[in-house]
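# Analysis of the macromolecular model
Read off the chains here:
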Amino acid sequence: MSKKPRKADLYLISPQDVDGDFPARLERALDAGPVAAFQFRVKDVDQHEAARLAQPLLEICRARDVAFVVNDSVALAKRLEADGVHLGQQDGDVRDAREELGREVQIGVTCHGSRHFAMDAGEAGADYVAFGAFYPSNTKPTEHRPEPEILEWWQGLFELPCVAIGGITPENCTPLIEAGADFIAVCGAVWNGDEAAAIKAFADKL
């Protein structure tokens, strides 16, 4: 009997510039196919400006039942009453974030290519772990380049969902899905062109 093909959900990450016509682009993207979560990832702005930029995007996501996740900032996630926060290795402790945000908020952790980081995140109470970058990426250059086998290892041992990130396109995502990624995190592959067409292309693969 052939094994049932694995499926993954799409985790959409914002570009740095979310002003101007970006809210309309986000609507187009979310209306083009299924997206599980949207991560607000804007750097080098203060929290008031970040909140101003995030609010219309949060409303767009809420209207479509798409989880809204804030990158890096527990304070901003709390201020916006976001659905989740994503923490890098330098962005604070999962336990502290949980105490601040409560049980209902999803907490994800960047683990690069480290099994140790991932196990630590799980033990601390994270809701998901993220591995990558699996492919070269211009969005967020990184020296970490894990192999898909790390996803297989994680799925073989843990129930916690895992996210694959880094340079992922509709053309190269299949090995990561087959290896065990529960979510495929994408940014440039969507926003560097026609966002609706890109979402549809991912939907065909996922």
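In this report, the structure presented in the accompanying data block is examined.

Here the focus is unusual backbone geometry. Each neighbour pair has its own omega, and for glycine 132 with alanine 133 the value is 15°, a cis peptide bond. Tracing the backbone shows alanine 133 in the loop between strand E6 (128–132) and helix H6 (149–157). If you check the backbone angles, aspartate 44 has positive phi at about 60° while not being a glycine. As for its placement among the helices and strands, aspartate 44 is situated in the loop between strand E2 (37–40) and helix H2 (47–63). A relative accessible area of 82% places aspartate 44 in the exposed class. Of note, the phi angle at glutamate 81 is positive, near 55°, even though the residue is not glycine. Looking at where glutamate 81 falls in the secondary structure, it is placed in the loop between helix H3 (74–80) and strand E4 (84–87).

Glancing now at the packing of helix H5 (residues 115–124) against H6. For any two helices packed against each other, the geometry comes down to the angle between their axes and how far apart the axes lie. Direction vectors running N to C along H5 and H6 enclose 35°, while the axes themselves pass 12 Å from each other. When you trace H5 past H6, the crossing you get is right-handed. Taken together, the residues of H6 that come into contact with H5 (itself represented by Arg115, Ala118 and Met119) are Ile150, Trp153 and Trp154. Grouping the constituent residues of the contact of H5 with H6 by class yields 5 nonpolar, no polar and 1 charged.

Next up on the list: the pairing of E2. Side chains Ala37 and Gln39 of E2 all project onto a buried face; the interleaved residues Phe38 and Phe40 project onto the opposite face, where all are buried too. Bridge count for strand E1 (residues 9–13) against E2 is 3 bridges, and the pairing is parallel. When the bridges of E2 are listed, isoleucine 13 appears paired with glutamine 39. Between the parallel pair E1 and E2, the chain is carried across by helix H1 (residues 22–32), and the sense of this crossover is right-handed. In this fold, E2 hands off to H2, which returns the chain to strand E3 (residues 67–71); that crossover is right-handed.

Counted under the stated rule, the structure contains 9 aromatic pairs. With centroids separated by 6.0 Å and ring planes inclined at 70°, the aromatic side chains of phenylalanine 131 and tryptophan 154 adopt a geometry described as edge-to-face. With a gap of 23 residues between them, phenylalanine 131 in strand E6 and tryptophan 154 in helix H6 connect regions that are remote in the sequence. Put simply, the rings of Phe22, Phe38, Phe40, Phe68 and Trp191 pair up and form one aromatic cluster.

Let's shift gears to the environment of lysine 78. Secondary-structure assignment places lysine 78 in helix H3. Residue lysine 78 is classed as partly exposed on the basis of its relative accessible area of 43%. Sequence separation between lysine 78 and glutamate 100 is 22 residues; the distance between their C-alpha atoms is 7.8 Å. Setting aside residues no more than four positions away along its own chain, lysine 78 makes contact with Glu100 and Leu101. At 3.0 Å, the side chain of lysine 78 forms a polar contact with the side chain of glutamate 100.

Reading the values: the criteria
Residues numbered from 1 in each chain as written. Predicted model: local features only at pLDDT ≥ 70, side-chain atom pairs only at ≥ 80, totals over all residues. Heavy atoms only, no water. Helix = DSSP H or I, 4+ residues; strand = E, 2+ residues; numbered from the N terminus. Buried < 20%, exposed > 50% of the residue type's maximum accessible area, 1.4 Å probe, protein only. Axes fitted to C-alpha atoms, helices over the stretch in contact; angles between N-to-C directions. Left-handed = near helix turned anticlockwise from the far one by under 90°. Contact = heavy atoms within 4.5 Å. Nonpolar A, V, L, I, M, F, W, Y, C, P; charged D, E, K, R; others polar. Pairing = 2+ DSSP bridges. Right-handed = clockwise from strand over helix to strand, strands pointing away. Phe/Tyr/Trp six-rings, centres within 6.5 Å; stacked < 30°, edge-to-face > 60°. Polar contact = N/O pair within 3.5 Å; in protein donor to acceptor, adjacent residues only side chain to side chain.

In short, shape yes, function no, at least from these values alone.
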